[in-house]
Amino acid sequence: MTPWFERDRHLYSKIVQVVESQYPTLHLSQEGGTAYLRGRLNITAPLLASPVASYDIELEFPSDYPDADPLVRETAGIIPKDADHHFYNDGSACLFLPEARWRQCPARPAIAEFIEGPVKAFFAWHAHLALTGHKPPSGDWRHGIDAILLFYFEELQTRDVRVVRTFLGYMTAKKVRNHWRCYCGSGRPLPQCHMAQVQFLRARIPRARALSFFQALQNAFSCRNGPRPGGQN
Amino acid sequence: MTPSEYLQNILSKQTLDPQGDELADLKNRQQEVIALLNREFPGADMTISVAGSFAKETMIRESYDLDLTCYFGNDDSSAGDTLEDIYNGVRKALEKDFRVGPKTSALRLRSCQKDSLDKDFHIDVVPGRYSGTERADVFLFLKSRDKCRLKTNLGVQIQHIRFSGCRDEIRLMKLWNATTGLALKTFVLELAVIKILKLPEAPWGVAERLRFALEYLRDNADSFTVEDPANPTGNDLSEYLDSQVRARVKRVATRTLNDVDRDGWEGVFGPVEEVSRTRRAAAIVSVVRENPSRPWLAE
């Protein structure tokens, strides 16, 4: 299969340009059909002439880039590579909860958006932990699927799983209907209540992603409560 | 402050305190490794020595490690019969207490403890076997290379660098290599600096010599070569200088020289004054406030 940087030479040369002009300590290379961006990432702060922290990093561009994000690794062994530090077993970092990525960068971000957004934020998070001894106020998500439910709790300002389930039904529907009652339980039609919230998150979270969590939640719910009469969950 | 004075200050800042925690940690860890190897290979004809930047006296705080060579006698097979067996035997032994990352001829030690998993201990163990009874030349196993063994002589390498008369320039170039993310193989960089500064037209003075080395790398990035003094014809270092690396060297050297012209050496190595941990901690608080992250992990 032709590597993405040969399929899309324009995109690659754009990345080369951005890296050379904005990231003098990061360097692009190609090895065996894979592109890497390696070097030193400096976390800078206003009024400090030298970086607050520096990390040696590697970004591995996947074969389906830019549809998928680069894998990010810390290569100098400064940060422990475990779940508590948000690293997978293969050494790659989990920068964000996919549902919440829009808070940090758009889908298919330009390389500078990706580095300036989630990558720098992730390493600044670690620098905070290393320098102060505690996690930043933004905290971190719980591991696994629990975090996704928490994300919807936060976004919908509820603690009610049923509200989330209804909301996910609207998120994953092919089309949102005006006659639907609002997910929040107010009894009002959606357009007169939280339609904006539905549209906001529908525009930011891929339907497949929402659907996958919806199904997981349905399964968990039916396991906990047993089947409902008439086959309805 | 003259450029040379500034660079001397940077060198002092990069010198690890002989009584400090970093070196103490390194030495304690070194003792652990030696004890482990002695335990795993009792009675073996094995010589463990300190090598790398520590022995060459080119260590810098920014990026330091300790190389420990673990050479077996020519007719000793405690760790294995072949070079590959020795490499794997030592690896297996080290894996009892460490997470071991294989490198071309060395084994990188990282933590296997739960609370510091994969933390780098800055120690490389280099297994090998003496080529003869005089215990000078050694054969090293080369992982993932066409040629699977390398003949070398660590003593010759160390002497070549330690007594080159270029240790300051080497240390500054290593700092440049680390802070610019260039990641040129250290041994290659050391040999390049020595070769360049041995040229008859090389000037005097640290700043002038550093500039000369960078200009040489910029102007000869496509063609410069280095040779292992311990095995000039047999140890092919050209694979560390492929076209991508050469292009990177040229680009970074050019940019560095532009920075020096514009801002002096401070534009390359930053201010001499150390920013205190407290000040950096205060600064990072404002950075995370501006750019919050909330990492996750899929199970």
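Residues numbered from 1 in each chain as written. Chains lettered and ligands numbered in written order. Predicted model: local features only at pLDDT ≥ 70, side-chain atom pairs only at ≥ 80, totals over all residues.

## Remarks on the overall build of chain A
So, point 1. Check the secondary structure of chain A and you find seven helices and four strands.
So, point 2. Ordering the α and β elements of chain A from the N terminus gives α-α-β-β-β-β-α-α-α-α-α.
So, point 3. Each principal axis of the C-alpha atoms in chain A carries an extent, and together these give about 60 × 45 × 35 Å.
So, point 4. Taking all 233 residues of chain A together, 34% fall into the buried category. (Helix = DSSP H or I, 4+ residues; strand = E, 2+ residues; numbered from the N terminus. Buried ≥ 20, exposed ≤ 12 C-beta atoms within 10 Å, placed from the backbone.)

## Describing the interface of chain A and chain B
So, point 1. In this assembly, 46 residues from chain A lie in contact with 34 residues from chain B.
So, point 2. For the side of chain A that touches chain B, the leading source of residues is helix 3 (residues 111-132) of chain A, giving 10 residues.
So, point 3. Classifying every residue of the side of chain A that touches chain B by side-chain character gives 27 nonpolar, 13 polar and six charged. (Contact = placed C-beta atoms within 7 Å. Nonpolar A, V, L, I, M, F, W, Y, C, P; charged D, E, K, R; others polar.)

## Some thoughts on helix 5 (residues 154-162) of chain B
The periodicity of an α-helix, 3.6 residues per turn, causes residues three or four positions apart to be oriented the same way.
So, point 1. Among the residues of helix 5 of chain B, those classed as buried are B:Leu154, B:Gln157, B:Ile158 and B:Ile161. Burial along helix 5 of chain B is one-sided: seen end-on, the buried residues are contained in an arc of 95°. (Arc of directions from axis to C-beta.)

## Description of the domain arrangement of chain A
Many analyses report the size of an interface as the accessible area lost when the parts associate.
Residue and element names in this part refer to chain A.
So, point 1. According to the domain assignment, chain A contains domain 1 (4-132) and domain 2 (146-231).
So, point 2. Taken over C-alpha atoms, the centre of domain 1 sits 32 Å from the centre of domain 2.
So, point 3. Across the boundary between the two partners, domain 1 contributes five residues, which contact six residues of domain 2.
So, point 4. The residue inventory of the side of domain 1 that touches domain 2, partitioned by class, reads four nonpolar, no polar and one charged. (Domains from an automatic or database assignment.)

## Section: the sheet that holds strand 3 (residues 53-61) of chain A
All names here are of chain A.
So, point 1. Read from one edge to the other, the open sheet built from four strands follows the order 1-2-3-4, with strand pairing classed as antiparallel. Two strands lie at the open edges of the sheet, namely strand 1 (26-31) and strand 4 (71-74), each paired on one side alone. The sheet shows a mean angle of 25° between the axes of neighbouring strands, direction not considered. (Pairing = 2+ DSSP bridges. Axes fitted to C-alpha atoms, helices over the stretch in contact; angles between N-to-C directions.)

## Looking at unusual backbone geometry
So, point 1. Going from A:Tyr65 to A:Pro66, the amide bond is cis rather than trans, its omega being 10°.
So, point 2. The backbone of A:His86 sits at a positive phi, close to 65°, despite the residue not being glycine.
So, point 3. Relative to the elements of secondary structure, A:His86 occurs in the loop between strand 4 and helix 3.
So, point 4. Despite not being glycine, B:Glu57 shows a phi value in the positive range, around 60°.
So, point 5. Structurally, B:Glu57 can be placed in the loop between helix 3 (52-56) and strand 2 (66-72).

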